[in-house]
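Residue-level structure breakdown
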Amino acid sequence: MFEKILIANRGEIALRVIRACREMGIKSVAVHSTADADAMHVRLADESVCIGPAPSSESYLKISAVISACEISGAQAVHPGYGFLSENAGFVQALEDHGITFIGPSAEHIRLMGDKITAKETARALGIPCVPGSDGGVPDLETALEVGAEIGYPVIIKATAGGGGRGMKVAVDADAMEIAFRTARAEAKAAFGNDEVYIEKYLQKPRHIEIQVFGDGKGRAVHLGERDCSLQRRHQKVFEEAPGPVITPKMRAEIGKTCADAVAKINYIGAGTVEFLYEDGQFYFIEMNTRLQVEHPVTEFVYGIDLVREQIRVASGLPMSFRQEELELNGHAIEVRINAEKLPNFTPCPGRVKTFHAPGGLGVRMDSALYGGYSIPPYYDSLIGKLVVYGRDRPEALARLNRALSELVVDGIETTAPLFDALLNEPDIQHGEYNIHWLEKWLARQFS
Ligand code: MV4
């Protein structure tokens, strides 16, 4: 087992990893920018190294600075958290060249899933159901129109190098294809420096359901069920739950096994998420994320597993500490993301937090790096905490969320917390009746 792990991240996820390290008797090294000298992750870690100035590009994203910090501190492994360098194959390669272990999948698997066409081809070859669409890239308008005629409209045009919703365009019919195709390519070129696009049948009212998978890198893998992350605004998740309100045990077992078998077959190591759109009882693969996700705590609650501990175990060559047959789904968990943003427009509002009080009690977990007197710097993303609740069933989890929100105090800045008080009063939310468009429609109605 590693003696010392460096955490190449900040905020609540850095704390999450430091906590796992401490429970495992592993020393932790924080890295930080000059803007984060007073950050909680720096205080909580056993050691810290300043790796550069405030902009992420010169600190948290700077591979050479992170590697230097490993050498200075003697860390044998790096946990990347999410975002930043977590899905950067070049970083994994650079660590390997320096004899440092990356706590996550191989550079090859990160690359495979980073290109959305190869990801989809791989998924299909491994028996994962995919959205009908073009076989690979669509080079010109003529081909795009052929694909449209074959699969039927509406279609969606997506960037091969994309993900997370950037560079996507819907064409409702053949007449709309020319403009949609041209715009999608231009946006893809501008955003990713690569104008390759592919085409899929556009699903009109799906849910976003993702399957948590975990591999040991030696041909064994398990699934830990699904999360429903349909409540999003501008491709940012705001509310996630496990299990999904409309997923039956039979469907879970089936799609879960398909995903676990697939990642086992490619010797995938560590945590991964297979993302699907779900409509009319069918799953359609869209992407795979090769990292630990923000919303992993809902899965931890309902399966009683520490995913970060397992990541560290398999990265060090140990087996996972459980088998599929030992994994049992129990109860219901919900996460809401508390951002330093002002409603109704979600305007970022960094600044000084006067008072911070985290809710607690039975079935409540608040992952946050805030403290009273802390100044939230303007340079990084606006997530300041994740409030995660557990109940024996969904109504109990909802009641607990309502209660926990009533205890939360963040004074001095605006947060998205009031949004969730309002959402909890909505019958559709109470009944789990929502899809990927529900939240944006509701927001438009609320604030018009
Ligand atoms: C789609 C889709 C409908 N049909 N693909 C958006 C982000 C990216 N990960 C995939 N996305 C979508 N792909 C097909 N074939 C609708 C979306 C989509 C979406 C997906 C998940 C959560 C929120 C979304 C909001 C708008 C569009």
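Keep in mind it's a predicted model, so treat the numbers as computed, not measured.

Structural notes on the overall build of the protein
Helices and strands together make up the secondary structure of the protein, namely 15 helices and 22 strands. For the protein, the spread of C-alpha atoms along the principal axes amounts to about 60 × 50 × 45 Å. Of all 448 residues assigned to the protein, the portion counted as buried reaches 56%. Taking the intrachain contacts of the protein between residues at least 6 apart in sequence as the baseline, contacts between residues at least 24 apart amount to 66%. Surface accessibility of the protein: about 18,300 Å² in total, with carbon and sulfur atoms responsible for 49%. Put simply, the protein has 47 plus and 60 minus side-chain charges, and the middle of one group is 3 Å from the middle of the other.

Considerations on the sheet that holds strand S6 (residues 155-159)
Within a sheet, adjacent strands bond to each other through the backbone by hydrogen bonds, running parallel or antiparallel. Read across the sheet, three strands follow the order S7-S6-S8 without closing on themselves; strand pairing throughout is antiparallel. Among the strands making up the open sheet, the edge pair consists of strand S7 (169-171) and strand S8 (197-201). Across the sheet, the axes of successive neighbouring strands diverge by a mean angle of 30°, strand direction being ignored. Direction of pairing for S6 relative to S8: antiparallel, over a ladder of five bridges. For Ile156, the partnering residue across the bridge sits in S8 and is Glu200. Each of S6 and S8 touches helix H7 (residues 141-151); the most contacted strand, S8, lies at about 15° to it. Helix H8 (residues 174-192) rests against S6, S7 and S8 of the sheet, and its axis sits at about 170° to S7.

Structural notes on the pairing of strand S2 (residues 27-33)
Of all seven residues making up S2, six are buried, and the element is well covered by its neighbours. As paired strands, strand S1 (residues 4-7) and S2 are joined by four bridges and run parallel to one another. From the neighbouring strand, Leu6 faces S2, where its bridge partner is Val29. Crossover connection from S1 via helix H1 (residues 11-23) to parallel S2: handedness right-handed. Looking at chain direction, S2 and strand S3 (residues 47-52) are connected through five bridges and run parallel. Within S3, the residue paired with Ser33 across the bridge is Gly52.

Quick notes on a negative patch on the surface
Taken together, the side chains of Glu121, Asp135, Asp140, Glu142, Glu146 and Glu150 define an acidic patch exposed on the protein surface. When residues in the negative patch are grouped by element, the largest group, three residues, is from H7. By the element assignment, Asp140 lies in the loop between helix H6 (116-125) and H7.

Remarks on the packing of aromatic side chains
Across all of its chains, the model carries 11 aromatic pairs by this definition. Note on Tyr60 and Phe84: the rings are 5.1 Å apart at their centroids and 25° apart in plane angle, and the pair reads as stacked. Pair noted here: Tyr60 is in the loop between S3 and helix H3 (63-73) and Phe84 is in the loop between strand S4 (77-79) and helix H4 (89-97), with a separation of 24 residues, a long-range link. A relative accessible area of 1% places Tyr60 in the buried class. An angle of 75° between the planes, with centres 5.6 Å apart, marks the rings of Phe276 and Phe283 as edge-to-face. On the basis of relative accessibility, which here comes to 9%, the residue Phe283 falls in the buried class.

As for the site of the ligand
The environment of the ligand is formed by 17 residues, the closest being Lys158, Glu200, Lys201, Leu203 and Glu287. For the ligand, a nitrogen atom lies 2.9 Å from a polar atom in the side chain of Lys158. Residue Leu203 places a main-chain N or O atom 3.0 Å away from a nitrogen atom belonging to the ligand. Out of a free accessible area of 520 Å², the ligand has 92% covered by protein chains.

About the thresholds
- Residues numbered from 1 in each chain as written.
- Predicted model: local features only at pLDDT ≥ 70, side-chain atom pairs only at ≥ 80, totals over all residues.
- Heavy atoms only, no water.
- Helix = DSSP H or I, 4+ residues; strand = E, 2+ residues; numbered from the N terminus.
- Buried < 20%, exposed > 50% of the residue type's maximum accessible area, 1.4 Å probe, protein only.
- Contact = heavy atoms within 4.5 Å.
- Areas by Shrake-Rupley, 256 points an atom, 1.4 Å probe, with all protein chains shown as cover.
- Lys, Arg positive; Asp, Glu negative; His and termini not counted.
- Charge placed at Lys NZ, Arg CZ, Asp CG, Glu CD.
- Pairing = 2+ DSSP bridges.
- Axes fitted to C-alpha atoms, helices over the stretch in contact; angles between N-to-C directions.
- Right-handed = clockwise from strand over helix to strand, strands pointing away.
- Patch = residues over 30% accessible without salt bridge, like charges linked within 9 Å, V, L, I, M, F, W, Y side chains within 5 Å.
- Salt bridge = Lys/Arg side-chain N within 4 Å of Asp/Glu carboxyl O.
- Phe/Tyr/Trp six-rings, centres within 6.5 Å; stacked < 30°, edge-to-face > 60°.
- Near = heavy atom within 4 Å.
- Polar contact = N/O pair within 3.5 Å; in protein donor to acceptor, adjacent residues only side chain to side chain.

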